[in-house]
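# Working through the structure, step by step
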Amino acid sequence: MKKISIIIPCHNIENNIDKLMESLVNQSIGIENIDLIFVDDCSSDNTAKKLMEWESNFENDIKIIKLDKNVGAGAARNIGMQYVESDYIAFVDGDDFVETVYLNCLLTIAEEYKCDIVRCDYDRSSVKSDLQIGDILFDLYDMSDEIERKKYILGLYSETMVWNSVYKTDFIKNNNILFPEGIRFEDTYFTYMTMMTASRVAITGEVLYHYQYNDNSVMSTLTEQQSRDRDIPLMMFLDECINRGWLDKFKSELEYLFIRKYYREMVVNMFNNFSEMNYYIYFGIKKVMKENFPNYCDNNYLKILDKDMALLLLDERYTQPQVQKIFEEYCSKHRTESHCYSQEVTKKNFPILEDYISGKEIVYEEQNLYDLDITEKYRYMLDISYYNAFIEKSINK
């Protein structure tokens, strides 16, 4: 049996396959210990042809699963996991590549310290550094100690990628952890679910994974509507936190996670990337926070770690001009060069905010959520909750 299976979802990556494959077949643990599972997600270029060329040279080490329709990275990874027969699983994106000692380093730690997850650092370099395996420094989290899990939650909340980690196969299967399908940002749910269920985790600061930004990738060409998908996996994770009692056990830590990942990230994303800022979205986000974390403005981690963020939470006592000033100043600090809309776009949407502050009634449409399947339900909740303040007929302060 192979030691580890690497699942690689592929969609139109013909120009990246050779560099990726060279980094994988030359792993220092030996290709005979690796099972490469490529899920070709209905590519329209020569991806399938190039994969078959590599397969002809490594027949015992490469599996190619060809899909008839495009299903997205989440579903492609789930399909790939059905073919895993090894002790460990890793995920690599098709346009990236890894260091020669990538698997050797992570598996050595995983096996010696009986870890469910081992994570490494990454960069955006296009050149390998030819690291040599030696004394690898890492942090070990024993989750039988609640303090350790709290530290892990606080350290991981912003790092939701799955491609810089190896996972114990039994850990993933026994906890029935799968990726959400039909949405983007599926890594978030998977990462947070593993965060809350792992028994032991190690994180090394060694840069072993090289992430390559692709102008034509799914994540770099999102529409505004697709960009709102980022909060669907977070709503799904919130449901799990409530149902499994995690919210009671790790209230302050998960509250801070949602402040940063759910509230801040979506608000800054809207200001940076949306051509028109719609404050119904902001109201919906804030309402969800208030319903699930009624005292979130008093979060201790927020006060200690992120005083600037505390302003953006917007106490109800702020006037409309104060709110506008806080939004603009905060978001301009986090604005990227490539996604920079003028503040005029922000200002022209403030009449909606003024209506909210003045208590003006806004009427919304309702729909029976029980008629929808789980993905449609969360997608509908996303639209309605953000634009229509979570399916209520008026916003009450």
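Residues numbered from 1 in each chain as written. Predicted model: local features only at pLDDT ≥ 70, side-chain atom pairs only at ≥ 80, totals over all residues. Heavy atoms only, no water.

### Some thoughts on helix 9 (residues 232-243)
We count it as follows: Secondary structure elements are defined from DSSP: runs of H or I of at least 4 residues count as helices, runs of E of at least 2 residues count as strands, and each element is numbered from the N terminus. An expected span of 1.5 Å times one less than the residue number is assigned to each helix. For every residue, the accessible area obtained with a 1.4 Å probe (protein chains only) is divided by the maximum for its type, and the residue is called buried under 20%, exposed over 50%, and partly exposed between those limits.
Between its first and last C-alpha, helix 9 extends 17 Å over 12 residues, near the 16 Å set by a 1.5 Å rise per residue. Every buried residue of helix 9 is accounted for by I232, P233, L234, M235, M236, F237, L238 and C241. G245 occupies a position one or two residues after helix 9 and carries a positive phi of about 80°.

### Things to note about the pairing of strand 4 (residues 88-91)
What counts here: Two strands are counted as paired when DSSP detects at least two bridges linking them.
With burial as the criterion, each face of strand 4 is covered, one bearing Y88 and A90 and the other bearing I89 and F91. Where strand 1 (residues 4-10) lies against strand 4, 4 bridges are found, and the strand directions are parallel. Residue pairing for strand 4: I6 is matched across the bridge by A90. Direction of pairing for strand 4 relative to strand 8 (residues 165-168): antiparallel, over a ladder of 3 bridges. Opposite I89, over in strand 8, you have Y167 as the bridge partner.

### With respect to the confidence of the model for the protein
For clarity, the cut-off: Think of pLDDT as the predictor's per-residue confidence, scored from 0 to 100. What makes two residues a contact is simply this: any of their non-hydrogen atoms within 4.5 Å.
Predicted confidence across the protein gives a mean pLDDT of 78, with 67% of residues reaching 70 or more. For residues 217-221, every residue scores under 50 in pLDDT, and the model assigns this stretch 10 contacts once sequence neighbours within four places are set aside.

### Some points on the side chain of S43
What counts here: Identification of polar contacts relies on pairs of N or O atoms within 3.5 Å, with a donor-acceptor requirement for protein atoms, meaning one able to donate a hydrogen and the other able to accept it, and with residues adjacent in sequence counted only if both atoms are side-chain atoms.
With respect to the helices, strands and loops of the structure, S43 is situated in the loop between strand 2 (34-40) and helix 2 (47-57). With relative accessibility at 13%, the residue S43 sits in the buried group. A polar contact is formed between the side chain of S43 and the side chain of D40, at a distance of 2.6 Å. Not counting chain neighbours up to four residues away, the residues in contact with S43 comprise C10, H11, N12 and K66.

### Points about helix 2
Structural remark: α-helix, 3.6 residues per turn; residues separated by three or four positions point the same way. Spelled out, the test is: The directions considered for the arc run from the helix axis to the C-beta atoms.
For helix 2, every residue scored as buried is listed here: T47, K50, L51 and W54. Projected onto a plane normal to the axis of helix 2, the buried residues spread over an arc of 100° and lie on a single side. Against strand 1, helix 1 (17-25), strand 2 and strand 3 (62-66) lie the buried residues of helix 2.

### Focus on the nonpolar core
Condition: Residues enter a nonpolar core if they are buried and are Ala, Val, Leu, Ile, Met, Phe, Trp, Tyr or Cys, with the set joined through side-chain atoms within 4.5 Å.
Residues F91, F190, M195, F237, L254, L257 and F258 are the most contacted members of the largest nonpolar core, which totals 61 residues. Looking at this core, the element that brings in the most residues is helix 11 (residues 251-273), giving 10 residues. Those residues in contact with L257, other than ones at most four positions away along the chain, are I153, Y157, Y192, M195, L234, F237 and Y262. The next biggest cluster of nonpolar side chains, apart from the first, holds 41 residues, and it includes V25, L51, M161 and V166.

### Comments concerning the packing of helix 1 against helix 2
Here is the rule: Throughout, an axis means a line fitted to C-alpha atoms (over the contacting stretch in the case of helices), and angles, computed between N-to-C directions, take values from 0 to 180 degrees. In this scheme, roughly parallel covers angles under 35 degrees and roughly antiparallel covers those over 145, while 65 to 115 is roughly perpendicular and the rest are oblique. Less than a right angle of anticlockwise turn of the near helix away from the far helix marks a crossing as left-handed, whereas a clockwise turn marks it as right-handed.
For the pair helix 1 and helix 2, the least separation of the axes is 11 Å and the interaxial angle reads 30°. Taken together, the axes of helix 1 and helix 2 are roughly parallel relative to one another. The hand of the helix 1/helix 2 crossing is right-handed. Counted together, I17, D18, M21, E22 and V25 of helix 1 and T47, K50, L51 and W54 of helix 2 form the full contact between these two elements.

### A short note on the pattern of salt bridges
Worth spelling out the cut-off: The salt bridge definition used is simple: a Lys or Arg side-chain nitrogen within 4 Å of an Asp or Glu carboxyl oxygen.
Taken as a whole and judged by the stated rule, the model has 14 salt bridges. A salt bridge links D35 to K63; the nearest nitrogen and oxygen atoms lie 2.7 Å apart. Of this pair, D35 sits in strand 2 while K63 sits in strand 3, placing them 28 residues apart in sequence. Among the residues examined, D35 registers a relative accessible area of 6% and is labelled buried. Residue K63 is classed as partly exposed on the basis of its relative accessible area of 30%. Among the ionic pairs, E186 bridges to R77, the shortest N-O distance being 3.0 Å. Residue E186 is located in helix 7 (residues 186-197), and its partner R77 is located in helix 3 (residues 73-81); the two are separated by 109 residues in the primary sequence. This pair shows no difference in class: E186 is buried, exactly as R77 is.

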